[in-house]
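If you want the building blocks of each chain, they are given just below.
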Protein chains: 2
Amino acid sequence: MSSGDIIRTKLTENAVRVDAFINELLKPRRPEILYEASRHLVMAGGKRLRPYLTVKSCEIVGGKPQDAIPYSAGLEILHNFTLVHDDVMDNDKVRRGTSTVHTKYGIPIAICAGDLLFAKVYEAFTIHAPHGINAKKIRSCVEAATRATIELCEGQTLDLSFPDTAFVSEEDYFLMIGGKTSALFRACAEVGAIVGGGSKRQVNALGKFAYDAGISFQIVDDILGLTANENTLGKPVGSDLREGKKTLIIIYALKHAKGRQKKILETVLGNKNGKKEDIEEAIQVLQYLGAIDYASKKADRYLIQAKKQLDRFPDSAAKRDLDELIDYFTKRIY
Amino acid sequence: MSSGDIIRTKLTENAVRVDAFINELLKPRRPEILYEASRHLVMAGGKRLRPYLTVKSCEIVGGKPQDAIPYSAGLEILHNFTLVHDDVMDNDKVRRGTSTVHTKYGIPIAICAGDLLFAKVYEAFTIHAPHGINAKKIRSCVEAATRATIELCEGQTLDLSFPDTAFVSEEDYFLMIGGKTSALFRACAEVGAIVGGGSKRQVNALGKFAYDAGISFQIVDDILGLTANENTLGKPVGSDLREGKKTLIIIYALKHAKGRQKKILETVLGNKNGKKEDIEEAIQVLQYLGAIDYASKKADRYLIQAKKQLDRFPDSAAKRDLDELIDYFTKRIY
């Protein structure tokens, strides 16, 4: 088996237990349509990276993985709640190969379903807390998830403003992905470590580890959107350019492009009907300017920074699993 | 001073402390527009009935009112979060005499602002917990607020389905208002009592008290929508009829109306351009059928049931305040 196969097997094994809990937590009640809509996206799949991160962060500090299951499931639901609402805001039609919640059930039910999912996070954290998890730990977990959600809302609002912002600064880009991606990664690691009985220092170290890994993950995602092939991506190459997304690559390129280069980029950026040849030419410009290389180096730097936090922990199976996880999701070993 | 003046003064005094906390909790951060949008509705006013209910439920079990302030503020924010999202779902343009959040800031920001407000509830409950409130109490408060939010989502979804449902049963009506109104009232009383150190029995009694008072409150609201004058209501008399709202009055009337009566009702129900004469005639039919009287008796029954729970507590200033509060909001002494 390749290292990609191994981590995928581990993710699947963990996902089975997490999904069983989610299935129970979202057991249909009246009105059925609300629960159907709430289950639609989360049951449509997903790699369950976040629950795995939570469970492994519990194990690395000496906790029992089963104690982390309700929390890891809650955090996956938190992730899905933001996706349901984001899809309404961005009016996206397809996710995980199926129609988005509002496309299938309408906007009002999708908003309600997102709200229900958000509430279910806290139900998972409190009412379903395993016997050994005391109220103090629960309080800390609620705080970590809540802080992440606040940053998620801030990140999403920044992201909403980017298309109308001619010059997005690198600082704002990092603030945006910090909120949209890293904050929840951090919460997953923190919550896992809290549940597992980690010290304050351990909780913080794992939180920083996951935050930086999340940044690296997001930059790699942006790079793959330009360099991977369509089958691997599940969407056309250059979609980000057509949508006018302000990725680190674009921010760097717009700062350094001159004359004809700038024109080539402006032809495709935010142009929903951008031609394939124009997209290819724009990607060449991005390469020529060193923008992809720049982003790639930044991603590496965050990955190294993340691994430094992991170095604080003695060797263990969970440590190796976390190391393997971030290699997987920042390098995408397929 | 009339009894209406007295209770209004007490509500205002409490609101000042609650609003100071809310103002601090929603202190602007980047991105500013998110915080502006989140503050828009909650800062536009409101009687702060729910915070008052929370604080008084804390006092009646012997707790310090100041301990309940972060919780009462959190529950008011929870109420406002649902209003912001409901206004998007119902596409309402005006609330509390000002434009709704999505009318002013657009739907995406309004959804995000609602989500932020919901997260802030839990921030208020945990990070801002006063010193004397231990983790066990915090856990119980989180559980109570979460349970209410789940029922709120269920109630809102039912409400969304009513216009397309020809025959809404009385049972479904009570399920709907139980979720949309009473669940949060119950949470306010429970959270106040938990913070104040009440016994399980006291927490439950106050929860039931507030739940039934909430039902009575909602039925009275529906009655006033047909019988009060326009200035008191702040909206045209009969708006509920024009919107086709399935109130207890309408449900009863549709069940008992025959021939011409039915026709008169059907002429106005859900007819946005219903004429004033037709509305007046429909209200006469409702009176003739005894529908308003029926609803009024139901409201009284729930009020009596609520007061029975309050009777379990020995006399105190807080008890008298709670008694006065529900008289105020179920009879609307102006």
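Residues numbered from 1 in each chain as written. Chains lettered and ligands numbered in written order. Predicted model: local features only at pLDDT ≥ 70, side-chain atom pairs only at ≥ 80, totals over all residues. Heavy atoms only, no water.

Quick look at the packing of aromatic side chains
Counted only if it meets this: Think of it this way: a Phe, Tyr or Trp ring, Trp meaning its six-membered ring, pairs with another when their centres are within 6.5 Å, and the plane angle makes it stacked under 30 degrees, edge-to-face over 60, tilted otherwise. Buried means the residue's accessible area, taken with a 1.4 Å probe over protein chains only, is under 20% of the maximum for its type, while exposed means over 50%, and partly exposed covers the values in between.
Under the criterion given, the structure shown has 22 aromatic pairs over all chains. Ring geometry for Tyr173 of chain B against Phe174 of chain B: centres 5.3 Å apart, planes inclined by 75 degrees, an arrangement best described as edge-to-face. The same class applies to Tyr173 of chain B and to Phe174 of chain B, which are both buried. Cluster of aromatic residues (ring-pair linked, three or more members): Tyr71, Phe81, Phe118, Tyr122 and Phe125 of chain A together with Tyr71, Phe81, Phe118, Tyr122 and Phe125 of chain B.

Things to note about the interface of chain B and chain A
Condition: Contact criterion: two residues are considered in contact whenever any of their non-hydrogen atoms come within 4.5 Å of each other. By buried area we mean how much accessible surface two parts lose on assembly, using a 1.4 Å probe and totalling the loss over both. Just to be clear on terms, a salt bridge is a Lys or Arg side-chain nitrogen sitting within 4 Å of an Asp or Glu carboxyl oxygen. In protein, a polar contact requires one atom able to donate a hydrogen and another able to accept it; more generally it is a pair of N or O atoms within 3.5 Å, and residues adjacent in sequence count only if both atoms are side-chain atoms. Note that Gly is not counted as nonpolar here; it falls among the polar residues with everything else outside the nonpolar set of Ala, Val, Leu, Ile, Met, Phe, Trp, Tyr, Cys and Pro and the charged set of Asp, Glu, Lys and Arg.
Taken together, the contacts link 43 residues of chain B with 43 residues of chain A. Buried surface at the junction of chain B and chain A, both sides included, amounts to about 3700 Å², of which 74% is carbon and sulfur. Joining chain B to chain A, the criterion identifies four salt bridges. Counting every contact that joins chain B to chain A gives 10 residue pairs in polar contact (both at pLDDT 80 or more). Partitioning the side of chain B that touches chain A into residue classes produces 26 nonpolar, six polar and 11 charged.

What about unusual backbone geometry?
Residue and element names in this part refer to chain A. We count it as follows: A run of DSSP states H or I qualifies as a helix once it reaches four residues; a run of E qualifies as a strand once it reaches two. Both are numbered from the N-terminal end.
Put simply, Arg30 and Pro31 share a cis peptide bond, and its omega is -10 degrees. A positive phi is found at Asn91, a non-glycine position, where the angle reads about 50 degrees. Summarising the element assignment, Asn91 is placed in the loop between α4 (65-90) and β1 (94-95). Given the relative accessible area of 44%, Asn91 is considered partly exposed. Located in the positive-phi region is Arg96, a residue other than glycine, with phi close to 50 degrees. In this fold, Arg96 is placed in the loop between β1 and β2 (98-99). Accessibility expressed as a relative area gives 27% for Arg96, which makes it partly exposed.

With respect to the confidence of the model for chain A
Counted only if it meets this: Per-residue confidence from the predictor is reported as pLDDT, which spans 0 to 100.
Here chain A averages 94 in pLDDT, and 97% of its residues register 70 or above. Here the predicted complex scores 0.95 on pTM and 0.95 on ipTM.

Notes on the relation of the copies chain B and chain A
Going by this rule: In superposing the copies, a least-squares fit is computed on C-alpha atoms, taking residues whose pLDDT is at least 70 in both.
Rotating chain B by 180 degrees about the axis while translating it 0.0 Å along that axis superimposes it on chain A, leaving an RMSD of 0.0 Å. The symmetry that links the two subunits is that of a two-fold axis. Relative to the rotation axis, the C-alpha of Ala135 of chain B is the closest in chain B, positioned 2.6 Å from it.

Some remarks on the nonpolar core
Among soluble globular proteins, nonpolar side chains are generally buried collectively. Stated formally: We define the nonpolar core as a collection of buried residues of types Ala, Val, Leu, Ile, Met, Phe, Trp, Tyr and Cys that are connected through side-chain atoms lying within 4.5 Å of one another.
One finds Phe125 and Leu206 of chain A together with Phe125 and Leu206 of chain B to be the most contacted residues of the largest nonpolar core, which totals 168 residues. Contacts of Phe125 of chain B, omitting those with residues within four sequence positions, involve Tyr71, Gly74, Leu75, Ile138, Cys141, Val142, Ala145 and Val191 of chain B.

A short note on the packing of helix α2 (residues 32-42) of chain B against helix α6 (residues 107-126) of chain B
Residue and element names in this part refer to chain B. Quick reminder of the rule: Axis definition: a line fitted to C-alpha atoms, over the contacting stretch in the case of helices. Angles run 0 to 180 degrees between N-to-C directions. For classification purposes, angles smaller than 35 degrees are called roughly parallel, those larger than 145 roughly antiparallel, those between 65 and 115 roughly perpendicular, and all remaining angles oblique.
In the contact formed by α2 and α6, the axes pass within 9 Å of each other and the chain directions differ by 75 degrees. Classed by the angle they form, the pair α2 and α6 counts as roughly perpendicular. When α2 is examined against α6, the residues Ile33, Leu34, Tyr35, Ala37 and Ser38 are found in contact with a partner set consisting of Ile109, Cys112, Ala113, Leu116, Leu117 and Lys120.

Describing the pattern of salt bridges
Following the criterion strictly, the structure yields 54 salt bridges over all chains and no others. In this structure, Arg48 of chain B engages Asp19 of chain B in a salt bridge whose closest nitrogen and oxygen atoms are separated by 2.7 Å. Here the residue Arg48 of chain B occupies a position in the loop between α2 and α3 (49-60), and Asp19 of chain B occupies one in helix α1 (residues 3-25), the gap between them amounting to 29 residues. According to the relative accessible area criterion, Arg48 of chain B is buried, its value standing at 3%. A relative accessible area of 26% means that Asp19 of chain B is categorised as partly exposed. Here Glu190 of chain B makes a salt bridge to Arg147 of chain B, at a shortest N to O gap of 4.0 Å. Taken together, the positions of Glu190 of chain B in helix α8 (residues 170-195) and Arg147 of chain B in helix α7 (residues 135-161) put the pair 43 residues apart, joining distant regions of the chain. Its relative accessible area of 41% is what places Arg147 of chain B among the partly exposed residues. Taken together, the shared-partner salt bridges connect Lys10, Lys56, Glu59, Asp321 and Glu324 of chain A into one network.

Regarding helix α1 (residues 3-25) of chain A
Residue and element names in this part refer to chain A. Stated precisely, the cut-off is as follows: Here the expected span of a helix is defined as 1.5 Å times the quantity of residues minus one.
Between the first and last C-alpha of α1 there are 33 Å, a value that for 23 residues agrees with the 33 Å anticipated at 1.5 Å per step. Gly4, Ile7, Leu11, Asn14, Ala15, Val18, Phe21, Ile22 and Leu25 are the residues of α1 that are buried. In the core, the buried residues of α1 are packed alongside α2 (32-42), α3 (49-60), α4, α6 (107-126) and α16 (317-331).

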